[in-house]
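This is what each chain is made of:
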Amino acid sequence: MAKEKHRKFTSSMQKKLVVLFFLVLLAFAYLIIRIANINRDNGEAYKKQVLAQQSYDSTILPFKRGSIEDRNGTVLAYSEKVYNLIVDSKLLSVDEGAHIEPTLAILQKAFAELDIDEVREYVEKNPGASYKKYLKQLESSRIDNYNAMIDEAISANSIKRNELKKEGKDEEANAIVDPAKNGIWFEEEYKRKYPYNNMACDVLGFVQTGNEGQYGLEEYYNDTLNGTNGRTYGYLNADGTLTRTVKEADDGYSLVTSLDTNIQAIVEKHINEFSEENRNAYRTGPAADNVGVIIMNPNNGEIYAMAGYPAFNLNEPQNMTGVDLTQYAGLLSKEDLAEAVGVSMNSISENEIDLMELVTNESLSDNAIIKNAVWKNFCISDTYEPGSTMKPFTVAAAIDSASIRGDETYVCNGALDIGEHTIHCHNRFGDGPLTVKQGIAKSCNVVLMNVAFALGKQEWLRYNRNFGFGNYTGIDLAGEVNGSANVFTEKMGQTDLAVASFGQGFNVSMIQMAAGFSALINGGNYYEPHLVTKVVNSEGAVIKESEAKKVKQIVSQATSDMIRDDCNAVVMSDPEECTGWTARPAGYTMGGKTGTAEKLPRSAKNYLISFIGYTPMDSPEVLCYVVIDHPNHPDQSNSTRLATTLCKDIMTEVLPYLNIFPTEELTEKEREELTDAEASFFIGSDAVSDNAVSENAVSENAVSENSAGGAAGNAGQEGQTDAMVPLDEMYTPNVIQYDPSTGFPLDPNTGEVLDPDTLQPVDENVKSDLEY
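1. A short note on the sheet that holds strand 22 (residues 607-615)
Then step 1. The strand order 12-11-23-22-21 describes an open sheet built from five strands, whose pairing is antiparallel. Strands with a single pairing partner mark the edges of an open sheet, and in this sheet they are strand 12 (303-309) and strand 21 (591-598). The average undirected angle you get between the axes of adjacent strands in this sheet is 5°.
Then step 2. The sheet contact formed by strand 11 (residues 290-296) and strand 12 spans six bridges and is antiparallel. For Ile294, the partnering residue across the bridge sits in strand 12 and is Met306.
Then step 3. Sheet contacts for helix 24 (residues 557-572): strand 21 and strand 22; angle to strand 21, the most-contacted strand, approximately 75°.

2. Focus on the pattern of salt bridges
Then step 1. All told, the structure shown has 30 salt bridges when counted by the stated rule.
Then step 2. Notably, a salt bridge pairs Arg161 with Asp178, separated by 3.2 Å at the nearest N-O pair. Residue Arg161 is found in helix 6 (residues 140-166), and its partner Asp178 is found in the loop between helix 7 (170-175) and strand 5 (184-193); the two are separated by 17 residues along the sequence. For the residue pair Arg161 and Asp178, the accessibility class agrees, reading buried in each case.
Then step 3. We note a salt bridge from Asp629 to Lys599, for which the minimum N-O separation is 2.6 Å. Of this pair, Asp629 sits in strand 23 (residues 622-629) while Lys599 sits in the loop between strand 21 and strand 22, and the two are 30 residues apart along the sequence.
Then step 4. Exposure remark for Lys599: the relative accessible area of 21% places this residue in the partly exposed category.
Then step 5. Salt bridges here are not isolated pairs; linked through shared partners, they connect Arg65, Arg192 and Glu218.

3. Some remarks on the packing of helix 18 (residues 391-400) against helix 24
Then step 1. Contact geometry of helix 18 with helix 24 gives a least axis separation of 10 Å together with a crossing angle of 145°. Regarding helix 18 and helix 24, the two cross each other, and that crossing is right-handed. Contact residues: Pro392, Val395, Ala396, Ile399 and Asp400 in helix 18; Thr559, Met562, Ile563, Asp566 and Cys567 in helix 24.
Then step 2. Of the residues contributing to the contact of helix 18 with helix 24, the split by class is seven nonpolar, one polar and two charged.

4. A short note on the nonpolar core
Then step 1. Within the largest apolar cluster, 146 residues are counted, with the highest numbers of intra-cluster contacts made by Ile295, Met306, Trp460, Phe467 and Leu520.
Then step 2. Beyond its immediate chain neighbours, meaning those up to four positions away, Ile295 contacts Ile263, Val267, Ile303, Tyr304, Ala305, Val622, Leu623, Cys624, Ile650 and Met651.
Then step 3. By size, the runner-up hydrophobic cluster in this structure holds 25 residues, among which are Leu107, Leu114, Leu138 and Ile184.

5. Side note on the pairing of strand 22
Then step 1. A large share of strand 22 lies buried, amounting to nine of its nine residues.
Then step 2. Side-chain alternation along strand 22 places Tyr607, Ile609, Phe611, Gly613 and Thr615 on one buried face and Leu608, Ser610, Ile612 and Tyr614 on a second face that is also buried.
Then step 3. In this structure, strand 21 lies alongside strand 22, joined through eight bridges in antiparallel fashion. Bridging across to strand 22, Gly595 finds its partner in Ser610.
Then step 4. Pairing geometry for strand 22 and strand 23, over eight bridges, is antiparallel. Its bridge partner being in strand 23, Leu608 is matched across the sheet by Asp629.

6. With respect to the packing of helix 23 (residues 510-521) against helix 24
Then step 1. Two elements in contact, helix 23 and helix 24, have axes separated by 7 Å at closest approach and are oriented at 105°. Between helix 23 and helix 24, the angle is such that the two are roughly perpendicular. Counted together, Phe517, Ala519, Leu520 and Ile521 of helix 23 and Ser560, Ile563, Arg564 and Cys567 of helix 24 form the full contact between these two elements.
Then step 2. Here the contact of helix 23 with helix 24 is built from residues that sort into six nonpolar, one polar and one charged.

7. Here we look at the confidence of the model for the protein
Then step 1. In the predicted model, the protein carries a mean pLDDT of 87, and 88% of its residues have values of at least 70.
Then step 2. Across residues 50-55 the pLDDT falls below 50, and counting only partners more than four positions away or on other chains, this stretch makes 10 contacts in the model.
Then step 3. Low confidence marks residues 684-727, where pLDDT is under 50. Its contacts with residues over four positions away, or in another chain, come to 163 contacts.

8. Side note on the packing of aromatic side chains
Then step 1. Using the criterion set out here, one finds 21 aromatic pairs in the structure.
Then step 2. Relative to Phe467, the ring of Tyr463 has its centre 6.0 Å away and its plane inclined at 50°; by these criteria the two rings are tilted.
Then step 3. Joined through ring pairs, the aromatic side chains of Phe393, Trp460, Tyr463, Phe467, Phe469, Phe488, Phe506, Phe517 and Tyr614 make up one cluster.
Then step 4. Positioned over the ring face of Tyr134 is Lys132, at 5.8 Å from the centre of the ring.
Then step 5. One Lys or Arg, Lys552, reaches over the ring of Tyr526 and ends 5.3 Å from the middle of that ring.

9. Overview of helix 5 (residues 116-125)
Then step 1. Residues Ile116, Val119, Tyr122 and Val123 constitute the buried set of helix 5. Take helix 5 and look down its axis: the buried residues cluster within an arc of 125°, on one side only. For helix 5, exposure combined with an orientation more than 90 degrees from the buried face picks out Asp117, Glu124 and Lys125.
Then step 2. Taken together, the buried residues of helix 5 touch strand 3 (75-87), helix 2 (89-92), helix 4 (100-110) and strand 4 (132-138).
Then step 3. You can read the cap of helix 5 off the contacts: a side-chain oxygen lies 3.2 Å from the backbone nitrogen of Asp117, and it is on Asp115.

Criteria and cut-off values
- As a convention, each chain's residues are numbered from 1 in the sequence order in which they are written.
- Only residues with pLDDT of at least 70 get local features here, since the model is predicted, and only at 80 or more are side-chain atom pairs given and counted; chain-wide, interface and lining totals rely on the full set of residues.
- To obtain the side-chain values, all non-hydrogen atoms of the structure were included, while hydrogens and water were left out.
- Pairing between two strands is assigned when DSSP locates at least 2 bridges connecting them.
- Numbering goes from the N terminus for both helices and strands, where a helix is a DSSP run of H or I of at least four residues and a strand is a run of E of at least two.
- Helix axes use the C-alpha atoms of the stretch in contact, all axes being lines fitted to C-alpha atoms, and the angles between their N-to-C directions lie in the range 0 to 180 degrees.
- Contacts between residues were defined by any pair of non-hydrogen atoms, one from each residue, lying within 4.5 Å.
- The term salt bridge refers to a side-chain nitrogen of Lys or Arg lying within 4 Å of a carboxyl oxygen of Asp or Glu.
- Burial classification: accessible surface area is computed with a 1.4 Å probe over protein chains only, and a residue below 20% of its type maximum counts as buried, one above 50% as exposed, and the rest as partly exposed.
- It is the rotation of the near helix from the far one that decides the hand of a crossing: anticlockwise by less than a right angle makes it left-handed, clockwise makes it right-handed.
- For this classification, the nonpolar set comprises Ala, Val, Leu, Ile, Met, Phe, Trp, Tyr, Cys and Pro, the charged set comprises Asp, Glu, Lys and Arg, and every other residue, Gly included, is treated as polar.
- To form a nonpolar core, buried Ala, Val, Leu, Ile, Met, Phe, Trp, Tyr and Cys residues must be joined to one another through side-chain atoms within 4.5 Å.
- Under this scheme an angle from 65 to 115 degrees is roughly perpendicular, one under 35 degrees roughly parallel, and one over 145 degrees roughly antiparallel; angles in between are oblique.
- As a per-residue quantity, pLDDT reports the predictor's confidence and falls between 0 and 100.
- Centre distance within 6.5 Å is the pairing criterion for rings of Phe, Tyr and Trp, where only the six-membered ring of Trp is used; planes under 30 degrees apart are then read as stacked, over 60 as edge-to-face, and the remainder as tilted.
- For a Lys NZ or an Arg CZ to count as sitting over a ring, it must be within 6 Å of the ring centre and within 35 degrees of the ring normal.
- Here, the arc refers to the directions that run from the helix axis to the C-beta atoms.
- Think of a polar contact as two N or O atoms within 3.5 Å of one another; within protein, one of them needs to be a possible hydrogen donor and the other a possible acceptor, and neighboring residues in sequence only count if both atoms come from side chains.

Right under this line is the structure:
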């Protein structure tokens, strides 16, 4: 009974499934027929409706990168619209390719540099392709010329066809084929241009592919200068016609800077003249390894000009033609240098080849390390031992901390013993009793060492940091270094303190020195150095205005007044009593400080010379800092005049331009010199060395290596040593003695034979005082 029920149930279910299956088949059949009918009757309407909701085509509208201007509105960098030639094979191949040859013929006339055979082959092999870029960054005039040639050809063909038809020559008329108007199109983009080529190249930087700024302002303000691309979209609307939607590009913001094109041009002119005059002067090669100049307003941190040498063309930064690259060969490893000149390391060792003799500009022109060395800005990206330009900072710290009064007198016997080390003054015969002011004016190392000992290590370190050394200045340029790896720390010893007092043993950058020195002379106010004063949009509206940023007070007004007075004596004293008199422009008052720093390795006896000056001397309005690294001069340690003279030449032309007028009476000689100098305007003793030193000496002035820093060297202060007594009566002038065999003078402290011209040891094996 149960089995019978189960059988009937199964049979019933099978019948129902069969019926359901047929019903589903009928439904699918109905749907298929229905869809077919809809497609037949309304397919085009629905197709258009779908297409109207989809993007038909899309084109990028490039943004325009903002420009860079100087303080007077002179454009230093801008972006110009250019065009890329695009071949659309699909459109060019319509009508079975009838328009290809007429179009190519005009292309060849308009763009002679285009390989027409290559284009023809591409179109034939890729008839369905829509985008192939052939020529880049074409000027608009060439595009206009091409379009005019196309229109002229089409117009001429039309006239000819009409004439043939009038003559009943319809077959010939129909055989005339027009060039394609749509198969060739021009894609818009912008090309960065620098109207003055290499002017301010270190400051501006340049733009690489993709609107990416590299170096300088272009890199630092890359996001500000760049905008946002726009786009055009093409759509089919309900009636099937193509409509376009345009989202306009947002152009980048422009920069207004504190640079003055005229001052920049003056600086670069004089750097170039110096470089040409001193090239191969003593050794084969450039005038110096580096030359840097900064002109700025010491009262607000604005940079008027910043330049180095060599310069490069911003419009073709990869092109090193005309740039002396051989001076950078030392940056490469021996292996890289061998590869550059095309010789194997084996052949070098086997044949004892001197790689440097094989080095040429051409062999180095594609080397990335060399290019980056040319592109970087020496004024912010290199550090060096400053030399005696550091002396005003040492004195300022001592006065401001009340370690000295500033009117003390110290005795210079030509050298000072620091423990087992002897540190010489530039004048090995000694200058005798000198006040602090005279010590600055004559650049006396012995006076400065005594001042530093009075100051002490901890205070020297504290003030040195406060002056900004070892820290970023915050200047708005890409590539600034802080030199923090090359400054003294708490591990500093007494000998370190001695040499640090006159700017040896630690590194600074040019912008650090310029910003710090500005604060020393402007009342003690440290301003952040900067270039950009305004950011404006494409309509000219000011988006951001940069005010002078006072960061801190580094010394008091009273200390600043004393330091300015000391530095005035460096330039305005009698030539026999100062080191910087050759920096003064005729008719002007000026203050400043010379610098001569011994470079590493000390055994090479190479120097970096410098001068930092300001005018007018009592109320500084403009500061000029000149650095010449490894000058091409037979006596580098006594070549400071190269820096002072370069400063004088620059300032003689800059000051009248800035409406800063002479206040001093001119001598007849100065009148003649000024007349000669004015002809090239755009619109009585050798300067002494500061830090020439040697060692193994015995001096009457001695300091224990382990003596405590502080007031030990302070005049009239309790605890001072006899060795540092700053009293005139303690001084016995050195008697100059002469070598009987050569007649040359002898160092009164060491007995070494001195060159009568340089007053440096004749024996080249004598070690530097700085090798301790």
